[in-house]
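One-letter residues, chain by chain:
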Amino acid sequence: MLMKEWETMPLTEAFLCQGCWDQMHVPVPIRGPLAFPLRLAGIRVSRMHPNLCTICETQFEKVKGAKQLLMSGSVLFADVRGYTNLSERLDSVEMANLLSAFYAECATAIWERGGIVNKLIGDSVFAIFNFPIRHDDHLQRAVEAGLDLQRRCRALPQADLFDVGVGIHTGEIAVGEVGQLCRDFTAIGPVINLAARLQGAASPGEVLVSAHARDQLGRAVEARGPRELHLKGIELPVNAYAVQAVR
Ligand SMILES: [Zn+2]
């Protein structure tokens, strides 16, 4: 089988923050001797992506001049299936190890394609593509990340204990800071809600995308569907496709 380029692409650790560069064209050193004075000023590598700095996640309003901005983006949710069952079968240390392995494989797959791991919520991961690192092909990157994280999780020593479901949607998202007392950098909007619902509807091992995402990808992907879904909180039935491969 031919390996696709993205299957072997390791993450290159950047010397400059890619987010500050893409958003402001400002060079912010995050590695090497030039990063030292910034570290003293409290600016560090972000936990959301190893090539971003903490300015990207904590200074959104200052940098952008608004609490939120609407932009085109793709979002991915991935979760561990049968989590409740698992927590009865495994002790807390085994459970923590399994979740750590799951998070690590998801993060690698997402980071290598320029997405950020915005949140880890219990047994699930929320990723945003196209902010702050810009990529015109953000949707394809999100789908590749979804397929790759599935493949990575199947290769884990604990693979026979759990499955993963992935949901992906694309469109206009609001990114920025939410909350007054506890400010939090995230993305909100109907696109995010639908992606979360698609993740909930995905069968074990599946990468489920919206019909809109399927249309955007066109011939770039092989997908099964449509599957008509009645999703909680969404009035009309939604068509979804299970992506098998990126061509
Ligand atoms: Zn930055």
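Quick note: structure is the one above.
Brief notes about the pairing of strand 5 (residues 184-188)
Logical step 1: Bridging between strand 4 (residues 163-178) and strand 5 involves 5 bridges; their strand directions are antiparallel. The partner of A174 across the bridge, within strand 5, is I188.
Logical step 2: Linking two consecutive strands that pair antiparallel, namely strand 4 and strand 5, is a turn of 5 residues; a positive phi of about 100 degrees is found at G179 within it.

Digging into the coordination of the zinc ion
Logical step 1: Taken together, the protein donors to the zinc ion comprise C17 (SG), C20 (SG), C53 (SG) and C56 (SG), at separations of 2.3 to 2.4 Å.
Logical step 2: Its 4 donor atoms give the zinc ion angles of 94 to 129 degrees at the centre, a pattern that matches the tetrahedral case.
Logical step 3: Mapping the donors of the zinc ion onto the primary sequence yields the spacing C-x2-C-x32-C-x2-C. One end of the pair, C17, is in the segment before helix 1 (18-24); the other, C56, is in helix 3 (residues 54-58), and 39 residues separate them in sequence.

Observations concerning the side chain of S74
Logical step 1: You can see S74 is positioned in strand 1 (residues 68-81).
Logical step 2: Given a relative accessible area of 0%, S74 falls into the buried group.
Logical step 3: A polar contact of 2.8 Å, which involves the side chain of S74, links it to the side chain of T170.
Logical step 4: Leaving out residues up to four positions away in the same chain, S74 has contacts with A127, I128, F129, H138, L139, A142, H169 and T170.

A few points about the packing of helix 6 (residues 92-111) against helix 7 (residues 138-154)
Logical step 1: Contact geometry for helix 6 and helix 7: axes closest at 8 Å, N-to-C directions at 145 degrees. For the crossing formed where helix 6 meets helix 7, the hand is right-handed. Only A145, D148, L149, R152 and C153 of helix 7 make contact with helix 6, whose side of the interface consists of F102, E105, C106, T108, A109 and I110.
Logical step 2: Residues belonging to the contact of helix 6 with helix 7 are distributed by class as follows: 7 nonpolar, 1 polar and 3 charged.

Here's the deal with the packing of aromatic side chains
Logical step 1: The final tally for this structure, using the stated rule, is 6 aromatic pairs.
Logical step 2: Residues F102 and Y103 carry aromatic rings whose centres are separated by 6.0 Å and whose planes lie at 45 degrees to one another, so their mutual orientation is tilted. Across this residue pair, the class does not change: F102 and Y103 are buried.
Logical step 3: Among the aromatic side chains, those forming a connected cluster through ring pairs are F60, F131 and F185.
Logical step 4: The ring centre of Y241 lies 5.6 Å from the NZ or CZ of R214, which sits over that ring.

Examining unusual backbone geometry
Peptide bonds are mostly trans, and most non-glycine residues show a negative phi.
Logical step 1: Geometrically, the link from F131 to P132 is a cis peptide bond, its omega value of -5 degrees lying close to zero.
Logical step 2: Among the structural elements, P132 can be located in the loop between strand 3 (124-129) and helix 7.
Logical step 3: Here the residue pair G225 and P226 is connected by a cis peptide bond, since its omega of 0 degrees sits within 30 degrees of zero.
Logical step 4: Among the structural elements, P226 can be located in strand 7 (residues 221-229).
Logical step 5: Despite not being glycine, H25 has its phi angle at roughly 55 degrees, a positive value.
Logical step 6: By relative accessible area, H25 is classed as exposed at 54%.
Logical step 7: Of note, N130 is a non-glycine position whose phi angle comes to about 95 degrees, a positive value.
Logical step 8: Judged by its relative accessible area of 7%, N130 falls in the buried class.

The rules behind each value
- Residues numbered from 1 in each chain as written.
- Predicted model: local features only at pLDDT ≥ 70, side-chain atom pairs only at ≥ 80, totals over all residues.
- Heavy atoms only, no water.
- Pairing = 2+ DSSP bridges.
- Helix = DSSP H or I, 4+ residues; strand = E, 2+ residues; numbered from the N terminus.
- Donors = N, O, S within 2.8 Å, 3.2 Å for Na, K, Ca; no water.
- Tetrahedral: all angles 85-135°; square planar, octahedral: opposite > 155°, others 65-115°.
- Buried < 20%, exposed > 50% of the residue type's maximum accessible area, 1.4 Å probe, protein only.
- Polar contact = N/O pair within 3.5 Å; in protein donor to acceptor, adjacent residues only side chain to side chain.
- Contact = heavy atoms within 4.5 Å.
- Axes fitted to C-alpha atoms, helices over the stretch in contact; angles between N-to-C directions.
- Left-handed = near helix turned anticlockwise from the far one by under 90°.
- Nonpolar A, V, L, I, M, F, W, Y, C, P; charged D, E, K, R; others polar.
- Phe/Tyr/Trp six-rings, centres within 6.5 Å; stacked < 30°, edge-to-face > 60°.
- Lys NZ or Arg CZ within 6 Å of the ring centre and 35° of its normal.

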